[in-house]
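# Examining the three-dimensional arrangement
Residue-level listing of the chains:
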Amino acid sequence: MKLFFSIKRHCSSCTIKTTQIAQTKEFRILQYCKSGALFDALHLLNSLDFKNLSNKPFFYASLLQTCTKVVSFNHGLQIHAHLVKSGLETDRFVGNSLLALYFKLGRNFFETRRVFDGLYFRDVISWTSMITGYIRLEKPKNALKLFWEMLDFGVEPNAFTLSAMIKACSDLGDLKLGKCFHGVVMIRGFDSNHVIASALIDMYGRNYGQDDARTLFDELLEPDAICWTSVISAFTRNDMYEKALGFFYLMQRKIGLTPDGFTFGTVLTACGNLGRLKQGKEVHAKVITSGFSGNVVVESSLVDMYGKCGLVNESQRVFDRMSIKNSVSWSALLGGYCQNEDFESVIRIFREMEEVDLYSFGTILRACAGLAAIKQGKEVHCQYVRKGGWRDVIVESALVDLYAKCGCIHFARRIFTKMPVRNLISWNSMIGGFAQNGRGGEALQIFDEMIKEGIKPDYITFIGLLFACSHAGLVDEGKKYFMSMTKEYGIKPGIEHYNCMVDLLARAGLLEEAENLIENADCRDDSSLWAVLLGACATCTDSVSGERIAKKTMQLEPGYHLSYVYLANIYRAVGRWDDAVKIRRLMKIRGVKKMPGRSWIETNNNMHSYLNTDNFSMSKDND
């Protein structure tokens, strides 16, 4: 009897000791998981008996989270297989950890969806993970469909779900639905949640609801840095660059919040679009002192800012110093050179790029259009199609512009007709193309179609329209459009519009009306307007008007040689030979020289010769 109890006590002691050892190992494994030492955790796991593990769901969920943390998908797959065999995948905590593994590391989102569909318990975390996944894949419609399914299953959305759905509305451009979700946010009491507030501000900003974005921001009691960045971004997206800069300085000086990389990127965009080089340099200095010099978003914005401010060399220096370059960086550099009309450099840089995104194709096509290099433009068009690009409104608008400027108006019209989505740039390119190719009637017809489509014309639209009227001699139509741009659309005429109108009236022999138009314009002292009118005087018989206009041009721009030549010709035509000699003598005293004539065709052919040499080859690969 004593022996029996002795053996029993010994076995009990061994069991306790074994359990203590197992618990110690489990604790160590969890510590390894916490520190990210996955291999140590798995090695220790192999020495344990699965049956003796306590709290198995928590244990394996921790292992799955560690696999996600250290980016080890293969080990996660092995643990998944073990979970299926042991039946632990039915646990909600384990299921969500498994879904997170596939969501963050899986190469195929279809597999992630299969894991989601196979979960025994799908809570709001599971649903929100899948909804967020579709949004990251730029499939907002799928995200919206899944959200309705979630509601059908009786799962209530949380703050992260609503934030994701607001992002989906933003991507879809559905402002009405976004406002509905805003209402849901208010009803559920999430209106003070900064994550949701910033998502709503961003949604309004992306869909031309900048006033709603500002109102929402003003209603926040203590907006954080993300909310400030969202409202600054909303202003920038809607071309309210002055307000964006004002909020940026207010955020730092009065509120004391520190901007992040996205804030700096947005503000630099505003500086670039305003041409505020001094402020841009100040923000650059702030970027350096704040430690964001290696941030690819900020540095790409710096490249863009300097390019838009005309300092392409500085833009190139920032780009060369970048440790990480992405497609946005390259596109910003290309855009800087293209905006400053250094089209040859655009082509050179394009050849150096390892990977070309759609936006870069648009820029290189604009460079080809600027050079009137139709052959090279067609090669870029072919590359774009071979790389799988199709139905991109930016690139196809650039193609329409290229073919129109190169005289291939039929190609331009064919691409334009097949475009499923047309933006204002597409319509402007087509109107300008017809105008430049002497087909004014068709330009006006395209404009009428644009208005019927509900597209609002802008400053550029009316330049194309008035140019078309000028070269087609459509005086009445030109006057009508010139009046409507201010009365109907609130667009203030610029020098380009006045130039077209002066040319139109002068070609029709209405010199006095053209002169009155200039005298009543805000830009009446711009020499280019008088130069256009002076050109018309060369073929008119009104010597008095011609003399007056030539003298006005000489007064505004003393170095413009044609004003002297035209005035001398006018004097000779009416027999005032002494006055003609005086004008020639005055021209000599002032050091004004006649510009030698040069053929544009000859110049363009030289450029084509350069582009067709071995120094230039658009085919960078053999795909």
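For the chain, an unreviewed UniProt entry supplies the name Pentacotripeptide-repeat region of PRORP domain-containing protein and the organism Manihot esculenta. Per UniProt, the comment on the chain under Sequence similarities (unreviewed entry) is "Belongs to the PPR family. PCMP-E subfamily."

### Some points on the side chain of Ser360
Here Ser360 shows up in helix α21 (residues 358-371). Classification of Ser360 by relative accessible area gives buried; the value is 0%. Leaving out residues up to four positions away in the same chain, Ser360 has contacts with Ser331, Leu334 and Met353.

### Focus on the side chain of Ser315
By the secondary structure assignment, Ser315 is in helix α18 (residues 312-321). Here Ser315 falls in the buried class, since its relative accessible area comes to 1%. Discounting chain neighbours no more than four positions away, the residues touching Ser315 are Val303, Tyr306, Gly307 and Leu333.

### Let's talk about the UniProt feature "repeat: PPR" (unreviewed entry) in the chain
Following the UniProt record, the feature "repeat: PPR" (unreviewed entry) maps to residues 123-157, 224-259, 326-360 and 423-457 here. Overall, residues 224-259 shows 72% helix and 0% strand. The separation of its end C-alpha atoms is 10 Å. Along residues 326-360, the helical share is 74% and the strand share 0%, with 12 Å between the first and last C-alpha atoms.

### Some words on the pattern of salt bridges
Taken as a whole, this structure holds 19 salt bridges when the rule is applied. In this structure, Lys179 engages Asp212 in a salt bridge whose closest nitrogen and oxygen atoms are separated by 3.9 Å. Here Lys179, found in helix α10 (residues 175-187), pairs with Asp212, found in helix α12 (residues 210-219); they are 33 residues apart in sequence, far enough to count as distant. By relative accessible area, Asp212 is classed as partly exposed at 31%. In this structure, Asp503 engages Arg507 in a salt bridge whose closest nitrogen and oxygen atoms are separated by 2.7 Å. With Asp503 and Arg507 both in helix α29 (residues 495-507) and four residues apart, the pair spans about one turn of that helix. Residue Arg507 is classed as exposed on the basis of its relative accessible area, which comes to 52%. Each of Arg113, Asp117, Arg122 and Glu149 takes part in one network of salt bridges that share partners.

### Describing the state of the cysteines
By definition, a disulfide links two cysteine residues through a covalent bond between their sulfur atoms. Taken as a whole and assessed by the stated rule, the structure comprises zero disulfides. Of the cysteine sulfurs around Cys408, a residue in no disulfide, the closest is that of Cys406, at 6.3 Å.

### So, the packing of helix α13 (residues 225-237) against helix α14 (residues 241-253)
α14 packs onto α13 with a crossing angle of 160 degrees between their chain directions and a minimal axis gap of 7 Å. With respect to α14, the element α13 is oriented roughly antiparallel. The way α13 lies across α14 gives a crossing that is left-handed. In this structure, α13 contributes Ala225, Trp228, Val231, Ile232, Phe235 and Thr236 to the contact, and α14 contributes Tyr241, Lys243, Ala244, Phe247, Phe248, Leu250 and Met251.

How each quantity is defined
Residues numbered from 1 in each chain as written. Predicted model: local features only at pLDDT ≥ 70, side-chain atom pairs only at ≥ 80, totals over all residues. Heavy atoms only, no water. UniProt positions renumbered as here; feature names shortened; annotations may be inferred. Helix = DSSP H or I, 4+ residues; strand = E, 2+ residues; numbered from the N terminus. Buried < 20%, exposed > 50% of the residue type's maximum accessible area, 1.4 Å probe, protein only. Contact = heavy atoms within 4.5 Å. Salt bridge = Lys/Arg side-chain N within 4 Å of Asp/Glu carboxyl O. Disulfide = S-S within 2.5 Å. Axes fitted to C-alpha atoms, helices over the stretch in contact; angles between N-to-C directions. Parallel < 35°, antiparallel > 145°, perpendicular 65-115°, else oblique. Left-handed = near helix turned anticlockwise from the far one by under 90°.

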